[in-house]
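Inside the fold
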Amino acid sequence: MRLLGALLVLSLLPLPAQQQFRLPQPRPLSNRLSNSKTPIESKMLTLEAVLESVNKNYPPLRAALLERPLAEAEVLNQQGRFDLVLRSRLETQNFGFYQNERFDVSIDQPTTLWGATLFSGYSVSRGRYPDYDGKAVTNEAGQYRAGARVPLARDRAIDNRRADLGKARIGLRLADLSIDQQRLTILQSATRRYWDWVAAGRRLLIANTLLEVALGRDSILTEAVKIGALPQFEQLDNQRIVLQRRNNVVEARRSLENASIELSLFLRDDQGQPVVPDSDKLLPGFPDPAELTESQIFEDMTAALNRRPDVLRFMFQRNQIEIDKRLAQNQRLPNVDLFTEYLREIGSGPVKRGPNDLRVGILFDLPLQRRQATARLQNAEARLGQLAQRLQFQRDQVGADVKDAASAVRAAFERSQVLTQELQITRDVEAAERLRFELGDSTLFVLNLREQATAEAAVREANALADYFRAYASYELAIARALVPGAKPAFTSPVSTATP
């Protein structure tokens, strides 16, 4: 009867809105299978904005992008082996019986066409030369020459210079794959940190709402105690609840601050400085999770095998080793070079040859055992065998990664659905308990337990949703979805993507 009388007194007092404890329902931002939009203030920080900031200003990614210029520099270095070479020579002979001077200039141009080398030159001499140096003697206007040297066997299809240039060009693609791999890992980390931040904000909202309920009830209990409708014990017990919930708010606020600081490593301004997002930029809830279908997993797995950098890297490394194999096979061939040279003597003088000469010849040499070339060939074939096994295992690994990530997404989806149902039932139980309390059939202690159960269920649901989106981030990493041209996060939100 005493409790009923107190309730009658309390019913005459104005009840604040906070007394009716209702945890805010998550507002579905969008369904990834739908284009429907929900009006949300543009100041909200979205996942798209975070990933855009990462792509523009994240230092480790910007450092990774420099691997491309490094590979381009190596290509330029190998192209330099085909540079036009200018040579000149001036020599004199004095104080002896034969006194003379000679000037010679020439240019050589290695080419990638059949391994041929083109050359041209000019020389002029003055003075007396011994008979055995007759080739050094020119007429007054000098001697012009031009010619070519073309391999017929060894070095015709490939040589050291062309092999190194070919491998350097493949190195460009390997550099791009390294950048892609780092980009995938970084974007996944950024995505996980973003959902950690959203979940931390959700937990703080739940803790604050729970505290507001206790604070609103405390003012009512204070008035009831003053007029003698309730004993002091009821107010003291509620004050205990208030302190307990204040502690929960402090812990939740610290968790949000930590998540904000972690997220700031990925969220940066145009100067590359970290931006700690304010709590007022938090989304009001999570997007609606979606279940993965078998057909989608199969399609994604097939696509992953064609775009995962760790698979493609083995393929391009195989191309480099195949160049080494071709070079080793080339070095087992005999060296047969065709050379031709045209000479023209200009002006009058002591030279009896010319005025036009054409020389053609063939050079031949062959190491009979060719053990070095054979060793290089065996080395290349063994490395190709190793690479084939590693490529097969990596393809199997990709399949396992996709299946495991899909399994984690499915489990997280199922768990989130179960916890959403649990939260709804817990809310219904709490509402019924509050009605019993208002009718005098329950106690503040029991009502507090119901409220606490609702809050705990809401926290579990928030954690389950965060687990789902983190698992989906791992799935997108496994299928390399970020490498699809124009790809955006699977769960996009209809808010501004501008970086704050």
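The paragraphs below set out a description of the structure included in this document. (Residues numbered from 1 in each chain as written. Predicted model: local features only at pLDDT ≥ 70, side-chain atom pairs only at ≥ 80, totals over all residues. Heavy atoms only, no water.)

Right, let's get into the overall build of the protein. When helices and strands are tallied, the protein shows 10 helices and 6 strands. For the protein, with 500 residues in total, the buried portion stands at 42%. Once local pairs closer than 6 in sequence are excluded, the contacts in the protein between residues at least 24 apart make up 78%. Accessible surface for the protein amounts to roughly 26800 Å². Of this, 55% is attributable to carbon and sulfur atoms. (Helix = DSSP H or I, 4+ residues; strand = E, 2+ residues; numbered from the N terminus. Buried < 20%, exposed > 50% of the residue type's maximum accessible area, 1.4 Å probe, protein only. Contact = heavy atoms within 4.5 Å. Areas by Shrake-Rupley, 256 points an atom, 1.4 Å probe, with all protein chains shown as cover.)

Within the structure shown, the criterion is met by 12 aromatic pairs. With a centroid separation of 5.0 Å and an interplanar angle of 20 degrees, the aromatic rings of Y58 and F266 are classed as stacked. You can see Y58 sitting in the loop between helix 2 (47–57) and helix 3 (59–65) and its partner F266 sitting in the loop between helix 6 (232–264) and helix 7 (294–307), a full 208 residues away along the chain. Assigned by exposure class, Y58 and F266 land together as buried. Measuring from ring centre to ring centre gives 5.0 Å for F97 and Y98, while their planes differ by 90 degrees; the resulting arrangement is edge-to-face. For F97, a relative accessible area of 58% gives the class exposed. The rings of Y194, W195, W197, F286, F413, Y468, F469, Y472 and Y475 are connected pair by pair, giving a single aromatic cluster. Against the face of W114 rests R156, its NZ or CZ located 4.8 Å from the ring centre. Across from the ring centre of F82, 5.4 Å away, lies the NZ or CZ of R161, which sits over that ring. (Phe/Tyr/Trp six-rings, centres within 6.5 Å; stacked < 30°, edge-to-face > 60°. Lys NZ or Arg CZ within 6 Å of the ring centre and 35° of its normal.)

Bringing the sheet that holds strand 4 (residues 142–151) into the picture now. In spatial order, the strands read 1-2-3-4-5-6; together these 6 strands make up an open sheet with antiparallel pairing. The open sheet has two edge strands, strand 1 (85–93) and strand 6 (356–365), and neither has a second partner. In this sheet, adjacent strand axes meet at a mean angle of 15 degrees when their direction is disregarded. (Pairing = 2+ DSSP bridges. Axes fitted to C-alpha atoms, helices over the stretch in contact; angles between N-to-C directions.)

Positioned with a positive phi, F95 is a non-glycine residue whose angle comes to about 65 degrees. Considering the arrangement of structural elements, one finds F95 in the loop between strand 1 and strand 2 (100–110). Unusually for a residue other than glycine, D155 sits at a positive phi of about 75 degrees. Inspection of the secondary structure assignment puts D155 in the loop between strand 4 and helix 5 (160–226). Its relative accessible area of 26% is what places D155 among the partly exposed residues.

Membership of the largest hydrophobic core comes to 65 residues, with the highest contact counts inside it found for Y194, W197, F286, V402 and Y475. Breaking this core down by element, the ones donating at least two residues are helix 2, helix 5, helix 6, helix 7, helix 8 (309–331), helix 9 (371–438) and helix 10 (444–478). Considering each element in turn, this core owes the most residues, 13 residues, to helix 5. Look past the residues within four positions of V402 in its chain and what remains in contact with it is I297, M301, A304, Y475, A478 and I479. (Core = buried A, V, L, I, M, F, W, Y, C linked by side-chain atoms within 4.5 Å.)

Turning to the environment of V336, a few remarks are in order. Tracing the sequence through the fold places V336 in strand 5 (residues 335–346). Judged by its relative accessible area of 17%, V336 falls in the buried class. In sequence terms V336 and F364 are 28 residues apart; their C-alpha atoms lie 4.6 Å from each other. With sequence-adjacent residues up to four places away left out, V336 is seen in contact with V150, P151, L152, A153, I362, L363 and F364.

Turning our attention to the pattern of salt bridges. Following the criterion strictly, the structure yields 30 salt bridges and no others. The salt bridge involving R308 is made with D401; its shortest N-O contact spans 3.1 Å. You can see R308 sitting in the loop between helix 7 and helix 8 and its partner D401 sitting in helix 9, a full 93 residues away along the chain. On the accessibility criterion, R308 (6% relative accessible area) is buried. (Salt bridge = Lys/Arg side-chain N within 4 Å of Asp/Glu carboxyl O.)

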